[in-house]
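Descriptive structure summary
One-letter residues, chain by chain:
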Amino acid sequence: MASPANQGQRWHLKITGYGLGLISLLTLLLPMQAGAVPAFARQTGQNCVACHAGGQFPELTPYGRMFKMTGYTIGERTIPLSVMGLASSSSIANAPAGTAKTATPILATTSVFLAGKITDNIGAFTQITYDPYSVDNGDGTFSGHSNADNMDIRFANHIVGDKQDWIYGVSLNNNPSVSDPWNSAAAWMQYVPVPSPSSSQFIDGTAPYPGFASGGNIAGLNAYLYWNRTVYAEVGTYRTADQALSFMTAGASPRTQLSGSNNPYWRLALSHEWGPHNLMVGTSGMVAHVYDDPTDTSDPASVGKFRNTGLDAQYQYILDQHAVTAQLAYMKTEQNYSDAMSTGLPNPSLGDTNTVTRAKLGYTYQAKYGGSLSFFNLTGSTNNQSDPATSGITYEAFFIPVQNIRIGAQYTSYNKYLGASSNYDGAGRNASDNNSLFLYVWFAY
């Protein structure tokens, strides 16, 4: 193991080398600022800070949440096309042998969005993502692959009376909670795209986050209601995205296979706004019946059951030059193993339970300078699984030179990994060996 002095020198060289790469890339991107803005900004005529807290996409302001709940229909129809990309570099304190692309600047991922107003009551947010490193060929080269990413197609209506304010609608989507307007929801709390090379395996985006066990490549139809800007309720059910709905998981491999269409999802939240403050507390949940092998749905005994129950809260203060967001989310996952999988397990009649807690505090000044502090903690039973306990902290600083570009640095520090702080793998590897530095340039046009 390298000495602290050698490790410090290595980190310095990594940061310096990547910094030069960032400067070069940013120089190429800056002239594009006048050429285009994201489709929603063109449609509404608003600056990015109107919808995104402190300009840090995709975290929504109250206006941004209203835009989403009304079906992405505010404003005038325009060219519904945007692009997004992430250039990044990931470094691990003590990288495992064979780790790919360590401390190497890469174009990690790109996305194309078809999004915006279709009619006065119908709008959409659809994303197609290309990952240049999705397949490791084993010889130092990679192959790229594209797939359907988050999709949310809506019908919505807004009724305003003397004493009543109603928004109601229907969402066809491919990811439980992607329809949710708050960023403490499972689909949105992890926001920076995650690169796929193994050098990124311990960055914040791959650390524990609350999530639904069904995964995101499925199809659901949800109805929602928002009353007097106070009560938000959403219910729906999910199924395998096949036949006419197969476009919602195009390119995904393997594709999650759900048994039937009785996989209910629900969400309830209470919201309150006063002056520059807004507060939400909520709960959500889902029951999913998932085939053990997504390539074989012939055996009904191979269907396992997952039950998710979540609690979350978000507070925002947005005024003039300051934007503060605090988020807290908790998710419990109860797994009942299928009859087929239970065969041979130490405790075949018992399932397992995992819980994930995430807390984040973020601040942005003048929609240019910001940072955040995040805490994560995963715990779980050990009936039929190894100890999953993992915890740590992520520190982030970012700079938004123009509204379409964000430059950031995240440092993720682990104090526990897979059940232990030291020698968690039985071969002498410690949790702190996974500490990771993640540098990125994130742009959207």
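Look above for the structure.
Predicted model, so just to flag it, every value in this text is computed and none were measured.

Turning next to the pattern of salt bridges. Inspection of the entire model under this criterion finds eight salt bridges. With a closest N to O distance of 2.7 Å, Asp152 and Arg154 form a salt bridge. Given the relative accessible area of 2%, Arg154 is considered buried. Ionic pairing is found between Asp165 and Arg229, a salt bridge with its closest N-O pair at 4.0 Å. Taken as a pair, Asp165 in strand E5 (residues 165-173) and Arg229 in the loop between strand E6 (219-227) and strand E7 (231-239) lie far apart in primary sequence, 64 residues in all. Each member of the salt-bridge network shares a partner with another, and the members are Asp180, Arg267 and Asp312.

So, about the pairing of strand E1 (residues 81-92). Counting buried positions along E1 yields 10 of 12 residues, so the element is predominantly enclosed. When E1 meets strand E2 (residues 106-117), the two strands line up antiparallel, connected through eight bridges. Within E2, the residue paired with Ser88 across the bridge is Ile106. Pairing analysis gives nine bridges linking E1 to strand E16 (residues 436-444), with the strands arranged antiparallel. The residue of E16 that forms the bridge with Gly85 is Phe443.

Let us now look at the nonpolar core. Residues Leu86, Phe125, Val192, Phe438, Tyr440 and Trp442 are the most contacted members of the largest nonpolar core, which totals 23 residues. Counting residues per element, the ones that place at least two in this core are E1, E2, strand E3 (122-136), helix H5 (186-189), strand E14 (390-402) and E16. Look past the residues within four positions of Trp442 in its chain and what remains in contact with it is Phe57, Pro58, Met84, Gly85, Leu86, Tyr191, Val192, Pro193, Asn404, Ile405 and Arg406.

Among the eight residues of helix H4 (residues 62-69), six are classified as buried, and the element is accordingly described as predominantly covered. Within the sequence span of H4, burial applies to Gly64, Arg65, Met66, Phe67, Lys68 and Met69. Where H4 terminates, the next one or two residues include Gly71, which has phi positive at roughly 80°.

Relative to the helices and strands, Gly98 is located in the loop between E1 and E2. With relative accessibility at 74%, the residue Gly98 sits in the exposed group. Along the chain, Gly98 and Glu59 lie 39 residues apart, while their C-alpha atoms are 36 Å from each other.

All right, on to the side chain of Asn173 then. By secondary structure assignment, the location of Asn173 is in strand E5. Of note is the side chain of Asn173, whose polar atom sits 2.7 Å from the side chain of Tyr238. Excluding residues that lie within four positions of it along the chain, Asn173 makes contacts with Met151, Asp152, Val178, Ser179, Ile218, Ala219, Gly220, Asn222, Tyr238 and Met248.

About the thresholds
Numbering of residues starts from 1 in every chain and runs along the sequence as written. Whole-chain, interface and lining totals are the exception, using all residues; otherwise, since this is a predicted model, local features are given only for residues with pLDDT of at least 70 and side-chain atom pairs are given and counted only at 80 or more. Side-chain numbers come from the whole structure's heavy atoms, not from hydrogens or water. Each salt bridge in this description consists of a side-chain nitrogen of Lys or Arg and a carboxyl oxygen of Asp or Glu lying within 4 Å of one another. For each residue, the accessible area found with a 1.4 Å probe, counting protein chains only, is set against the maximum for its type, and the residue is called buried under 20%, exposed over 50%, and partly exposed in between. Counting from the N terminus, the helices are DSSP H or I runs at least four residues long and the strands are E runs at least two residues long. Pairs of strands are assigned from DSSP output, requiring at least two bridges between the strands. Note on terminology: a nonpolar core comprises buried Ala, Val, Leu, Ile, Met, Phe, Trp, Tyr and Cys residues joined through side-chain atoms within 4.5 Å. We call two residues contacting when some pair of their heavy atoms lies within 4.5 Å. Any N or O atom pair separated by 3.5 Å or less is treated as a polar contact, with the protein-specific requirement of one donor-capable and one acceptor-capable atom, and with residues adjacent in sequence counted only for side-chain atom pairs.

Function-wise, these values are silent; they only describe arrangement.
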